[in-house]
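Inside the fold
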Amino acid sequence: DYFHYGEEMTQALARAIPRIGTERMLFPSSGAVYGLPTRPDRSTRDDPETNPYGTQKLRDEQRFSLACEKHGVRLAIPRIFNVSGPLINKQSSYMLSSVINAALSDGPVELRACRRVVRGYMAIRDVLDVVFGWLLSGNEPDRLILDTGGEAVEAGELALRALKVLNRPELQVNRPPM
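Residues numbered from 1 in each chain as written. Predicted model: local features only at pLDDT ≥ 70, side-chain atom pairs only at ≥ 80, totals over all residues. Heavy atoms only, no water.

Across its full length, the protein carries five helices and 10 strands. For the protein, the spread of C-alpha atoms along the principal axes amounts to about 60 × 40 × 25 Å. Among the 178 residues that make up the protein, the fraction classed as buried is 38%. Put simply, of all contacts in the protein between residues at least 6 apart along the chain, 75% involve residues at least 24 apart. Of the roughly 10900 Å² that the protein leaves accessible, carbon and sulfur atoms contribute 55%. (Helix = DSSP H or I, 4+ residues; strand = E, 2+ residues; numbered from the N terminus. Buried < 20%, exposed > 50% of the residue type's maximum accessible area, 1.4 Å probe, protein only. Contact = heavy atoms within 4.5 Å. Areas by Shrake-Rupley, 256 points an atom, 1.4 Å probe, with all protein chains shown as cover.)

Now the structure itself:
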């Protein structure tokens, strides 16, 4: 099963840290460690039944943290929520890029969510600058967890902000009833 396979894979990678002479490690994780929907208090949710992906990422973080600490390795863990930037993949699948594309093609903006959806963004360049800057700045073993959640904004408000920034505030935002 997925969970067992993921555990075996991370254990193998953690065992390899001293064998390959790792000095610095970047382990991208996920905002899913907080559970779905993201817990407002930013407490993690280690529950394989209700949050299998987030639990796996959280346990991976813990495993790599212990292995890196044991072997004197500097570790950076960015918890990726939503990133933005000019090279984002799957543009039609993600809300922000869908809103931008609709605005650039004269809209309207179509939001499909019939429930409250909150997103926060951090530019991928900013994530990389912070993480690599921190990794390369010191020689002491240490750990950085970077929460890339950014400012929490509800989907409808995000669409309106994007339209304003793109100088297209007149475009309509359509959404099913909540």
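A few words now on helix H4 (residues 124-137). For an α-helix, the turn length of 3.6 residues means that residues three or four places apart are oriented alike. An ideal rise of 1.5 Å per residue puts 20 Å on 14 residues; H4 measures up with 19 Å between its terminal C-alpha atoms. Within H4 the residues assigned to the buried category are Val127, Val131, Trp134 and Leu135. Projected down its long axis, H4 carries its buried residues within an arc of 100°, all on one side. The outward face of H4, more than 90 degrees from its buried face, is lined by the exposed residues Arg125, Leu136 and Ser137. (Expected span 1.5 Å × (residues − 1). Arc of directions from axis to C-beta.)

In this section: the side chain of arginine 63. In this fold, arginine 63 is placed in helix H2 (residues 52-70). Reaching out from arginine 63, the side chain makes a polar contact with the side chain of glutamate 7 at a distance of 2.7 Å. Setting aside its immediate chain neighbours within four residues, arginine 63 contacts Glu7, Thr10, Gln11 and Ala14. (Polar contact = N/O pair within 3.5 Å; in protein donor to acceptor, adjacent residues only side chain to side chain.)

What follows deals with the packing of helix H3 (residues 95-104) against helix H5 (residues 155-165). Relative orientation of the contacting elements H3 and H5 amounts to 40°, with a least axis distance of 10 Å. Here H5 runs oblique to H3, going by the angle between their axes. Relative to H5, the crossing made by H3 is right-handed. Contacts between H3 and H5 pair Met95, Leu96, Val99 and Ala103 from the former with Ala155, Leu158, Ala159, Ala162 and Leu163 from the latter. Partitioning the contact of H3 with H5 into residue classes produces nine nonpolar, no polar and no charged. (Axes fitted to C-alpha atoms, helices over the stretch in contact; angles between N-to-C directions. Parallel < 35°, antiparallel > 145°, perpendicular 65-115°, else oblique. Left-handed = near helix turned anticlockwise from the far one by under 90°. Nonpolar A, V, L, I, M, F, W, Y, C, P; charged D, E, K, R; others polar.)

With that settled, the discussion passes to the pattern of salt bridges. Tallying each qualifying case throughout the model produces 11 salt bridges. Across the pair arginine 79 and glutamate 61 runs a salt bridge whose closest N-O atoms are separated by 2.6 Å. Separated by 18 residues along the polypeptide, arginine 79 in strand S3 (residues 74-80) and glutamate 61 in helix H2 bring together distant segments of the chain. Overall, the relative accessible area of 8% leaves arginine 79 in the buried class. Between arginine 125 and aspartate 129 there is a salt bridge, and its shortest N-O distance comes to 2.9 Å. You can see arginine 125 and its partner aspartate 129 sitting in helix H4, four residues apart, about one turn around the helix. A relative accessible area of 56% places arginine 125 in the exposed class. Taken together, the salt bridges that share partners define one network made up of Glu7, Asp60 and Arg63. (Salt bridge = Lys/Arg side-chain N within 4 Å of Asp/Glu carboxyl O.)

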